[in-house]
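Coordinate inspection notes
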Amino acid sequence: MATWPKERRVLSTKVPRLDGPDKATGRAKYTYDINRPGMLHAKILRCPHAHAILKSLDTSAAEKMPGVAAIHLITKPGTELFFAGTEILALAADTEEHALDAIRAVKTTYDVLPHLVREEDALNNRSANTVGGKGNVFQSNQDATGNVDDAFAKADKVVEGTYGIPVIAHQCLEAHGLVAEWSKDGDLTVWCSTQATTGVAGQLATALKVPANKVRCITHYMGGGFGSKFQPGVEGIAAAELARKTGKPVKLMLDRDEEVTTAGTRPSAYGRVKIGGTKDGKIIAFEAHCYGSPGMGTSAGVRFNELPYVYSDAIPNIRKDNLVVRLNCAPQRAWRAPGHPQSCIMTEWPIDDLAAALNMDPMQLRLKNLPPSPPGAGNTWQGVREKLYAEEIKIAARLAEWDKKWHPPGKGPTKGPIKHGIGMALHTWGGAGRANNDITITISSDGSVLLESSTQDLGTGERTVLAIVAAEVLGLEPRDITVRIGESQYGRSTGSGGSTTTPGTAPAALNAATAARDALLDKLAPRLNAQKENLAIAPGKIVDRANKKEWAWKEACARLGMDVIVGKGDWTPGLSSGGVCGVQIAEVQVDTETGVVRCTRIVAVQDCGLMINKQGCESQVAGGVTMGLNPALWEERIMDSQTGRQLNPDMEFYKLAGIKDMPEIIVHMMDMPERGVIGIGEPPTISTTAAIGNAVFNALGVRVPYAPFTPDRVLAALAQKGGKG
């Protein structure tokens, strides 16, 4: 069985992305860039009401509009609809303008029904049932360990507070959608912006009732998914149906407002948390009563059962319950580290509040309450986490100059209205690899090496990762490997979710490259007059260790003649693992006169087991921090109770950070090759908001309980303190 090399030549070094030049020059083609001969453009008619019954639908006028080629009905009259934006029909025309004109010509009538689109409205009206099924509010989880009441009675300090973060919307820069084209033989090819090429191909085959081997999904490049692009979606199926009806290619990509309002959200999380500790810094009791909204869905959305997050095994007495608040809004979809950012906030903010009540440095409080490692756990996640968290906290504190910059909350040395604060937070994630990631490596007689895999690159550098692994084994440079990915016909591949892509595909690439290497040496041995066991690969050449002969790589491969070497591999246990630690420390400046918060610096310490590409890992961490910065300071879905519509479905009022908003980001990677490869994409986005919230608390001496930390919320918190910063 293949193993990771102990001496790494290319692995864990900084390798520039192989597709960087293509993306920088525009040669890289995204789904939005695909334009097929004779292609039609499709648009979707959507319900304008948050809750209604579609009474009637008349498409006769639309069918006569210029350029209209076909209509695909999605919702039949008589259907109850549960959120504004629900798809009614899709329409294909020769231009986007004609499609939009025809959409406006469709005549519809609705019976408008009562709706609820804000959590507080649903909680104040618990008898309402505007979404069907279980109703708007129901109990999801109740759990208790230890004797919580007794522990609170024995605690030296008890702190209780309300905390929360709102629903945020997916804002993929490349919106959801695809281009669909049928051949004369009934084969379907789609160019889709997706996180799962083989998954989408299979789902389309099922939905369209065609054999799986007649559907091909291509995703060479895609502009972000973050958990929302595992399915073809209603829009994808509609495009394929329209293409089948018309016999022409059809492109259907969501507009920006559709992307924001219908392409999925991250659930909200609110609650009242009570935490108690002893004067020596041990947390002995934790109680949480929480709620959150997954939209119109029925899943819990946020796994509050994970509270108190990374400290669950360290706190002996815990009681928690949570409510699911269903609203007349589009349902949630996975959003980078589902559930973890919310659970991190609902734990890390109370911990800092308790530290303040105990007059303790919050870093020391965390060090005293790290999750213990059970005996005999070895290098497993449970076995390393306590020591690893302690080491990461130490490194983060050094890089952030915590000892110099931390001060008791609200008591910083800064005079005047601009207050400095510093805060930290911890996080964890899984990130283990998975099987069913087929990789094929082909070596030809000209020395060329081709690697093929159906896996997709979300923008995280998967081409470079696979090339690095193959190059390491074959003694080549990453640029010597031709990588073809993002086409479903290359074999099985799992979706890119849960930070499982690199831990799933890198071991598969190692196995494939090892198989190709062994087959190559076996084939070359007699042609080089050598014994196979004496042949080895060195950088750029093949050597015979017995008689000290060597051949340049291309010279040796030329001996293959008409033969081609093929090595295949899949993920196998032992080459990757799951469970990571991370620590972030944020610094902020808060203007107590205007309420404006500016994050100036973030230190992020992160482990991911064996690093494949150090440059890629550091970039992933910095990107995760950037994504965590947004919900801390700007990002929030705002719903109108009266109309049931979102008030900020665009990029003007749904604010995201720009380049001038970026803090200095310092990344430190913990290289742990003995643990194998672990996913890196999602963990670094988890604790950023929590760390920034604690930094704001440190600056002001008063908790701003709800993110994002907008000026009105900061000023309201200061007003409760008496207006003093």
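This text follows the structure it describes.
Some thoughts on the nonpolar core
- Counting residues in hydrophobic clusters, the biggest one holds 88 residues, and the most contacted among them are Val588, Ile692, Val696 and Phe709.
- Take this core: its biggest share by element is nine residues, from helix α11 (residues 381-400).
- Formed by 49 residues, the second largest nonpolar core is a distinct cluster that contains Trp4, Ile443, Ile565 and Val677.

Observations concerning the layout of surface pockets
- Put simply, the second largest pocket is a space of about 530 Å³.
- Taken together, 30 residues make up the lining of the second largest pocket; nearest its centre are Arg46, Gly85, Asp257, Thr261 and Arg645.
- When residues of the lining of the second largest pocket are traced back to their parent elements, those giving at least two are β1 (40-46), α3 (96-105), β6 (107-112) and α8 (256-262).
- By residue class, the composition of the lining of the second largest pocket is 14 nonpolar, eight polar and eight charged.

Considering the packing of aromatic side chains
- For the structure shown, the criterion picks out seven aromatic pairs.
- For the pair Trp349 and Phe709, a centre-to-centre distance of 5.7 Å together with 50° between the ring planes defines the contact as tilted. Residue Trp349 is located in helix α9 (residues 340-357), and its partner Phe709 is located in the loop between α17 (688-700) and α18 (711-721); the two are separated by 360 residues in the primary sequence.
- Ring geometry for Trp402 versus Trp406: centroids 6.5 Å apart, planes at 15°, classification stacked.
- Through successive ring pairs, a cluster of aromatic residues spans Tyr163, Trp349 and Phe709.
- One Lys or Arg, Lys274, reaches over the ring of Phe152 and ends 4.5 Å from the middle of that ring.

Some details on the sheet that holds strand β2 (residues 52-58)
- The strand order β4-β2-β6 describes an open sheet built from three strands, whose pairing is antiparallel. At either margin of the open sheet sits one strand with a lone partner, and together these are β4 (80-81) and β6.

What to know about the pattern of salt bridges
- Under the definition given, this model contains 41 salt bridges.
- Arg27 is paired through a salt bridge with Asp22; the nearest N and O atoms lie 2.8 Å apart.
- Residue Arg27 is classed as exposed on the basis of its relative accessible area of 52%.
- With relative accessibility at 24%, the residue Asp22 sits in the partly exposed group.

What about the environment of Leu173?
- Among the secondary structure elements, Leu173 is positioned in the loop between β9 (168-169) and β10 (177-182).
- Overall, Leu173 belongs to the exposed group, its relative accessible area being 65%.
- In contact with Leu173, other than residues within four places in its own chain, are Gly223, Arg256 and Met651.

Points about the packing of α9 against α17
- It is the contact of α9 with α17, at a shortest axis distance of 9 Å, that shows an interaxial angle of 25°. When the axis of α9 is compared with that of α17, the two are roughly parallel. Regarding α9 and α17, the two cross each other, and that crossing is right-handed. Contacts between α9 and α17 involve Cys344, Ile345, Glu348, Trp349, Asp352, Asp353 and Ala356 from the former and Thr689, Ala690, Gly693, Asn694 and Phe697 from the latter.

Examining the packing of helix α6 (residues 197-208) against helix α7 (residues 233-246)
- Two elements in contact, α6 and α7, have axes separated by 11 Å at closest approach and are oriented at 55°. Looking at the two axes, α6 sits oblique to α7. Judged by the sense of rotation from one axis to the other, the crossing of α6 with α7 is right-handed. Contacts between α6 and α7 involve Leu204, Ala207 and Leu208 on the former and, on the latter, Gly236, Ile237, Ala240, Glu241 and Arg244.
- Here the contact of α6 with α7 is composed, by residue class, of five nonpolar, one polar and two charged.

Here's the deal with empty space enclosed by the protein
- Applying the stated criterion to the full structure yields one cavity of 30 Å³ or more.
- Here the largest cavity is characterised by a volume of approximately 40 Å³.
- Looking at the largest cavity, the residues that line it are Asp352, Ala355, Ala356, Met360, Pro362, Trp406, Pro409, Ile422, Asn694 and Asn698.
- When contributions to the lining of the largest cavity are tallied by element, the ones reaching two or more residues are α9 and α17.
- At three residues, the largest contribution of residues to the lining of the largest cavity is made by α9.

Some words on the environment of Gly679
- Considering the arrangement of structural elements, one finds Gly679 in the loop between β28 (664-670) and α17.
- On the basis of relative accessibility, which here comes to 3%, the residue Gly679 falls in the buried class.
- Each C-alpha atom of the pair Gly679 and Met611 lies 9.6 Å from the other, and the pair is 68 residues apart in sequence.

Structural notes on unusual backbone geometry
- Pro308 follows Leu307 through a cis peptide bond whose omega is 0°.
- Even without glycine at this site, Phe226 takes up a positive phi of about 60°.
- On the secondary structure map, Phe226 appears in the loop between β12 (215-218) and α7.
- With a phi angle near 70°, Asn436 is a residue other than glycine that sits in the positive phi range.
- Note on placement: Asn436 falls in the loop between β18 (418-429) and β19 (439-443).

Section: the sheet that holds strand β11 (residues 188-192)
- The strand order β3-β5-β1-β13-β10-β11-β12 describes an open sheet built from seven strands, whose pairing is mixed. Looking along the sheet, the strands with just one partner apiece sit at the ends: β3 (68-73) and β12. Taking the axes of each pair of neighbouring strands and ignoring which way they run, one obtains an average angle of 20° across the sheet.
- Sheet topology places β10 next to strand β13 (residues 250-253); four bridges connect them, and they run antiparallel.

Reading guide: rules and limits
- Residues numbered from 1 in each chain as written.
- Predicted model: local features only at pLDDT ≥ 70, side-chain atom pairs only at ≥ 80, totals over all residues.
- Heavy atoms only, no water.
- Core = buried A, V, L, I, M, F, W, Y, C linked by side-chain atoms within 4.5 Å.
- Buried < 20%, exposed > 50% of the residue type's maximum accessible area, 1.4 Å probe, protein only.
- Helix = DSSP H or I, 4+ residues; strand = E, 2+ residues; numbered from the N terminus.
- 1 Å grid on protein atoms, 1.4 Å probe; cavity = no way out; pocket = protein on both sides within 12 Å on 5 of 7 lines; lining within 4 Å.
- Points joined across faces, edges and corners; volume = space filled by probe spheres on them.
- Nonpolar A, V, L, I, M, F, W, Y, C, P; charged D, E, K, R; others polar.
- Phe/Tyr/Trp six-rings, centres within 6.5 Å; stacked < 30°, edge-to-face > 60°.
- Lys NZ or Arg CZ within 6 Å of the ring centre and 35° of its normal.
- Pairing = 2+ DSSP bridges.
- Salt bridge = Lys/Arg side-chain N within 4 Å of Asp/Glu carboxyl O.
- Contact = heavy atoms within 4.5 Å.
- Axes fitted to C-alpha atoms, helices over the stretch in contact; angles between N-to-C directions.
- Parallel < 35°, antiparallel > 145°, perpendicular 65-115°, else oblique.
- Left-handed = near helix turned anticlockwise from the far one by under 90°.

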